[in-house]
Amino acid sequence: MPPALADLRPTRPAWLAPRVARTEVLAGLVTALALIPEVISFSILAGVDPRVGLFTSFTMAVVIAFTGGRPAMVSAAAGATALVVAPLVADHGVEYLVAAVILGGACQVLLAAAGIARLMRFVPRSVMVGFLNALAILIFSAQVPHLIGVPWLVYPMVAAGLAVMVGLPRLTTAVPAPLVATIVLTGVTVLAGWSVPDVGDEGALPDSLPSLVLPSVPLTWETLTIVAPYALAIAFVGLMESLLTAKLVDDLTDTRSDKTRESWGQGVANIVTGFFGGMGGCAMIGQTMINVRSGGRTRLSTFLAGVFLLVLVVALGDVVAVIPMAALVAVMVFVSFVTFDWHSLRTLPSMPWSETAVMVSTVAVVVWTHNLAIGVAVGVLVACVLFARRVAHLVRVTGRTADDGTRVYTVTGALFFASSNDLVEQFDSAGDPDRVVVDLSGASVWDASTVATLDAITTRYAARGKRVEITGLDGHSADRYERHTGRLG
């Protein structure tokens with residue numbers, strides 16, 4: 001075939017390759033199995049029936065597989081969302097929850113159009129490391145209740161599951177180790193007739209497909225005032241966790257994702273989920289890690305995770321119900337171990353104290369509140385404050401007397417509210433000659449606070465009958481200075 005015609009041949013999607021497709025299918029199955037106990041637990045946390053959380057996870061995963069901007073990332077009924085909606089369900093019921101989810105999805109679409117994804121640039125690495133470490137701690141701590149007050153057989157079963165997941169990859173990676181561990185422990189438990197906690201003990205599983213519903217709430221201003229705060233919380237928390245997870249998967253897979261598409265994709269998924277009576281959701285980093293660690297790299301694994309989840313809980317509910325919780329606990333403990341950034345602990349002695357403070361504050365707030373979004377927000381705030389403090393100390397003012405008797409002050413560094421507040425005290429208005437030059441060629445004026453400080457300096461000298469000349473401003477600084485000088489009081 002001529003090269004020109006060869007270039008026109010349709011290319012087959014990567015996930016259609018037999019080996020890739022097999023890996024994607026198995027990764028989706030492992031993820032679906034790991035979703036079941038977590039989603040049921042989050043449903044209870046939100047105050048809704050387990051069926052609501054399971055159907056939410058199905059619709060979120062299937063829709064985001066088409067609309068999302070980060071292949072292989074799994075969205076479902078997440079703990080962060082459950083914490084947000086729990087008070088609404090307790091005070092007003094599930095119908096108001098459905099309305100809040102639909103409105104929250106619409107808010108996410110609008111925020112995506114407004115460019116919220118670009119805010120990810122302001123999340124420093126230390127916050128991301130804290131986010132990861134806190135997540136690992138939360139995943140592990142969520143398994144502790146399944147290890148307290150249980151038959152002694154649970155402990156060797158968990159240990160055996162961990163041994164399989166650690167040892168099997170050294171022999172072969174053809175089959176995901178978490179799936180093998182789950183199948184082996186389930187088979188042994190059933191054949192031996194052991195009486196240990198299983199998935200069926202966590203709550204009732206659905207026996208039918210989800211159906212479309214409309215929220216039965218009055219379309220009044222009062223209803224809007226009730227659901228709007230929760231809708232905004234769903235939108236912001238969901239986007240923050242989803243975008244952080246997308247960035248994490250980008251780093252793990254060395255690929256790029258479309259954060260704007262992911263933002264509006266989350267909104268579309270929540271709108272669809274709301275019309276199916278769901279509790280809303282977002283990216284689940286734990287299950288995403290399972291999917292990625294199991295080899296998932298395309299949208300197929302995300303789509304199949306949702307499909308397998310529905311098939312498992314509806315068509316094979318009796319089979320899923322006998323999976324021992326010990327197997328799934330072992331999977332989640334393994335995920336928490338590989339999620340934790342152990343390298344961050346080894347580098348603590350050599351890291352600047354400010355970076356360590358940001359990471360520790362992020363971890364502490366997340367573990368305390370059990371809310372990843374709040375922890376990240378606090379981490380970013382701490383990082384901004386410490387950065388401003390560090391940069392403020394880089395400003396230098398040196399003075400010299402020129403041959404003609406003029407006093408010349410040379411200012412270097414970034415001038416903004418934190419660094420310019422004490423600038424006035426660096427000048428000797430009483431002892432300086434009648435002519436003073438402030439050379440800002442080595443400095444940048446970043447805000448109106450600095451312009452106000454420069455005005456205060458010239459005013460102080462003017463009160464003594466002395467003249468100050470501001471020189472050396474670069475283009476942006478000169479424009480900002482000319483626009484605000486003399487107008488700030």
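Residues numbered from 1 in each chain as written. Predicted model: local features only at pLDDT ≥ 70, side-chain atom pairs only at ≥ 80, totals over all residues. Heavy atoms only, no water.

S.K.: Any chance you could explain a nonpolar patch on the surface here in plain terms?
M.R.: Taken together, the side chains of V190, V311, L316, V319 and V322 define a hydrophobic patch exposed on the protein surface, amounting to about 380 Å² of accessible area. Along the chain, the position of V319 falls in helix α13 (residues 317-321). For V319, a relative accessible area of 52% corresponds to the exposed category. (Patch = residues over 30% accessible without salt bridge, like charges linked within 9 Å, V, L, I, M, F, W, Y side chains within 5 Å. Areas by Shrake-Rupley, 256 points an atom, 1.4 Å probe, with all protein chains shown as cover. Salt bridge = Lys/Arg side-chain N within 4 Å of Asp/Glu carboxyl O. Helix = DSSP H or I, 4+ residues; strand = E, 2+ residues; numbered from the N terminus. Buried < 20%, exposed > 50% of the residue type's maximum accessible area, 1.4 Å probe, protein only.)

S.K.: Help me out: how do you make sense of the sheet that holds strand β3 (residues 396-401) in this one?
M.R.: Strand-to-strand pairing in sheets goes through backbone hydrogen bonds, with the strands running parallel or antiparallel. Taken in spatial order, the four strands of this open sheet run β3-β4-β5-β6, and their pairing is mixed. Of all strands in the sheet, those with a lone pairing partner are β3 and β6 (467-471), marking the two edges. Direction aside, neighbouring strands of the sheet carry axes that sit 20° apart on average. Alignment of strand β4 (residues 407-415) against strand β5 (residues 435-445), held across eight bridges, turns out to be parallel. If you follow V408 over to β5, its bridge partner there is V437. Contacts from helix α19 (residues 448-462) reach β4, β5 and β6 within the one sheet, and its direction differs from that of β5 by about 175°. (Pairing = 2+ DSSP bridges. Axes fitted to C-alpha atoms, helices over the stretch in contact; angles between N-to-C directions. Contact = heavy atoms within 4.5 Å.)

S.K.: Where do I start with the nonpolar core in this structure?
M.R.: Across soluble globular proteins, you tend to see nonpolar side chains buried next to one another. With 94 residues, the main nonpolar core has I36 and M279 as its most contacted residues. Core analysis: the second largest hydrophobic core is formed by 18 residues, V395, L415, V438 and L440 among them. (Core = buried A, V, L, I, M, F, W, Y, C linked by side-chain atoms within 4.5 Å.)

S.K.: Is there a simple way to think about the side chain of S336 in this case?
M.R.: As for its placement among the helices and strands, S336 is situated in helix α14 (residues 325-339). With relative accessibility at 5%, the residue S336 sits in the buried group. Ignoring sequence-local partners within four residues, the contact set of S336 consists of A136, I139 and F140.

S.K.: I keep staring at unusual backbone geometry and nothing clicks. Help me out?
M.R.: Negative phi values dominate among residues other than glycine, just as trans dominates among peptide bonds. Despite not being glycine, A72 has its phi angle at roughly 80°, a positive value. A relative accessible area of 1% places A72 in the buried class. Phi at D254 is positive, roughly 55°, even though this residue is not glycine. Among the structural elements, D254 can be located in the loop between α9 (221-253) and α10 (259-275).

S.K.: Hey, could you run me through the environment of A448 in this one?
M.R.: Position of A448 among the secondary structure elements: in helix α19. In this structure the C-alpha to C-alpha distance between A448 and V154, which are 294 residues apart in sequence, comes to 64 Å.

S.K.: What is the right way to read helix α3 (residues 50-67) from this model?
M.R.: The end-to-end C-alpha separation of α3 is 26 Å, in line with the 26 Å expected for 18 residues at 1.5 Å each. A large share of α3 lies buried, amounting to 16 of its 18 residues. The N-capping residue of α3, defined by a side-chain oxygen 2.8 Å from the backbone nitrogen of R51, is D49. (Expected span 1.5 Å × (residues − 1). Polar contact = N/O pair within 3.5 Å; in protein donor to acceptor, adjacent residues only side chain to side chain.)

S.K.: Even after reading the chapter, I still don't get the side chain of Q108, so can you show me in this structure?
M.R.: Relative to the helices and strands, Q108 resides in helix α5 (residues 94-113). What makes Q108 buried here is its relative accessible area of 0%. Engagement of the side chain of Q108 in a polar contact is seen with the side chain of N270, the distance being 2.9 Å. Ignoring any residue separated from it by four or fewer positions in sequence, one finds Q108 in contact with I234, A235, G238, L239, S263, Q266, G267 and N270.

S.K.: Would you take a moment to explain the pattern of salt bridges for this structure?
M.R.: Side-chain pairs of opposite charge can arise whenever the charged atoms involved come near each other. Inspection of the entire model under this criterion finds seven salt bridges. The partner of D49 in a salt bridge is R51, and the shortest N-O contact between them spans 3.2 Å. Relative accessible area serves as the criterion here: at 35%, D49 is assigned to the partly exposed category. A salt bridge links E469 to R435; the shortest N-O distance between them is 2.8 Å. Residue E469 is located in strand β6, and its partner R435 is located in strand β5; the two are separated by 34 residues in the primary sequence.

S.K.: I tried to follow the packing of helix α2 (residues 18-46) against helix α4 (residues 79-92) on my own but got confused; where do I start?
M.R.: Between α2 and α4, the least distance of the axes is 7 Å, while the angle of their chain directions is 30°. When the interaxial angle is binned, α2 and α4 end up roughly parallel. Side by side, α2 and α4 meet where F42, L45 and A46 of the first sit next to G79, A82, L83, V85, A86 and V89 of the second. Here the residues of the contact of α2 with α4 are counted per class, giving eight nonpolar, one polar and no charged. (Parallel < 35°, antiparallel > 145°, perpendicular 65-115°, else oblique. Nonpolar A, V, L, I, M, F, W, Y, C, P; charged D, E, K, R; others polar.)

S.K.: Got a minute to help me understand the environment of A443 in this structure?
M.R.: Here A443 is to be found in strand β5. A residue is classified by how much of its surface remains accessible, and A443, at 6% relative accessible area, is buried. Ignoring sequence-local partners within four residues, the contact set of A443 consists of V411, T412, G413, L415 and D474.

S.K.: Would you mind going over the packing of aromatic side chains with me for this structure?
M.R.: Two aromatic rings, taken as a pair, are described by how far apart their centres are and by the angle between their planes. With the rule as written, the count across this model stands at five aromatic pairs. Considering the side-chain rings of F416 and F417, the 5.2 Å spacing of their centres and the 90° angle between planes classify their relative orientation as edge-to-face. The buried category is assigned to F416, whose relative accessible area is 12%. One aromatic cluster is present, built from ring pairs that chain together F337, F340 and W342. One residue, R407, lies across the ring of Y409, its end atom 5.3 Å from the ring centre. (Phe/Tyr/Trp six-rings, centres within 6.5 Å; stacked < 30°, edge-to-face > 60°. Lys NZ or Arg CZ within 6 Å of the ring centre and 35° of its normal.)

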